[in-house]
Amino acid sequence: LGYLLYLPKDYKPDVAPKKWPLMLFLHGAGERGSDLAKVAMHGPPKFAKLKQDMPLIVVSPQCPTGRRWENNSLLALLDSVIASHRVDTNRVYVTGLSMGGYGTWSLGLSHPERFAAIAPICGGGDMILTLLPDKHRETALKSLPIWAFHGAKDFVVPLAESERMINAAKRAGCAETKLTVYPNAGHDSWTESYANPKLFEWFLAHSRQ
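> Would you take a moment to explain the pattern of salt bridges for this structure?
A side chain with one charge may pair with a side chain of the opposite charge, provided their charged atoms come close. Summed over all chains, the structure comprises 6 salt bridges. A salt bridge links R67 to E70; the nearest nitrogen and oxygen atoms lie 3.1 Å apart. Residue classification places R67 among the partly exposed positions, given a relative accessible area of 37%. One salt bridge in this structure joins E161 and R164, with 3.3 Å as the shortest N-O distance. Here E161 and its partner R164 are both found in helix α6 (residues 159-171), 3 residues apart, which amounts to about one turn of the helix. Given a relative accessible area of 29%, R164 falls into the partly exposed group. What you see here is one network of salt bridges that share partners, running through E113, D134 and R137.

> Would you mind going over the packing of aromatic side chains with me for this structure?
Describing an aromatic ring pair means giving the distance of the ring centres and the angle of the ring planes. Counted under the stated rule, the structure contains 7 aromatic pairs. What links up through ring pairs into an aromatic cluster is the set Y93, W147, F149, Y182, W202 and F203. K178 extends its terminal NZ or CZ atom over the ring of W147, reaching a point 3.7 Å from the ring centre.

Calculation criteria
- Residues numbered from 1 in each chain as written.
- Predicted model: local features only at pLDDT ≥ 70, side-chain atom pairs only at ≥ 80, totals over all residues.
- Heavy atoms only, no water.
- Salt bridge = Lys/Arg side-chain N within 4 Å of Asp/Glu carboxyl O.
- Buried < 20%, exposed > 50% of the residue type's maximum accessible area, 1.4 Å probe, protein only.
- Helix = DSSP H or I, 4+ residues; strand = E, 2+ residues; numbered from the N terminus.
- Phe/Tyr/Trp six-rings, centres within 6.5 Å; stacked < 30°, edge-to-face > 60°.
- Lys NZ or Arg CZ within 6 Å of the ring centre and 35° of its normal.

Here is the structure:
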């Protein structure tokens, strides 16, 4: 996978004690292809393009044309970046919009032990991941914080998709779940979500031990 990589302005690879939280950002279907500039159209990589300082490493891969996010590819990329950068592995987060929202649900629920928190935006997922989780990941799933976002007037991915995933997570015992619904928003619920500094504060407040 091709990807954009953002490093905080104070990031110093040779300063041994300092490690940084990492955010994996998954774009939507419209940004697939081989032109990495598309990846910076929305969300955290857009902020990086506008020179906004963020106190974390941001990895923004690009999904090839005609494909969807695949967990194995994303985990391989994540492992590669972690191996070559000063990453706090207890503070790794994943978020994404639309197709990336689906990718966030899939990756987070399939491998909850890898993430300190997830934030899927206008996405949905496979409820079987919460109904029948892998036994050795069941405890990690229950302690995975989830904050989902959706527009009430979304006719591309209906609000019901986020609602059923949040309800499934609650039934699975996830201790911290919440869904923010924008009553007047359509499919674009990501602009308001990523513009909210409280989302990044929420991410950075979480750590997985």
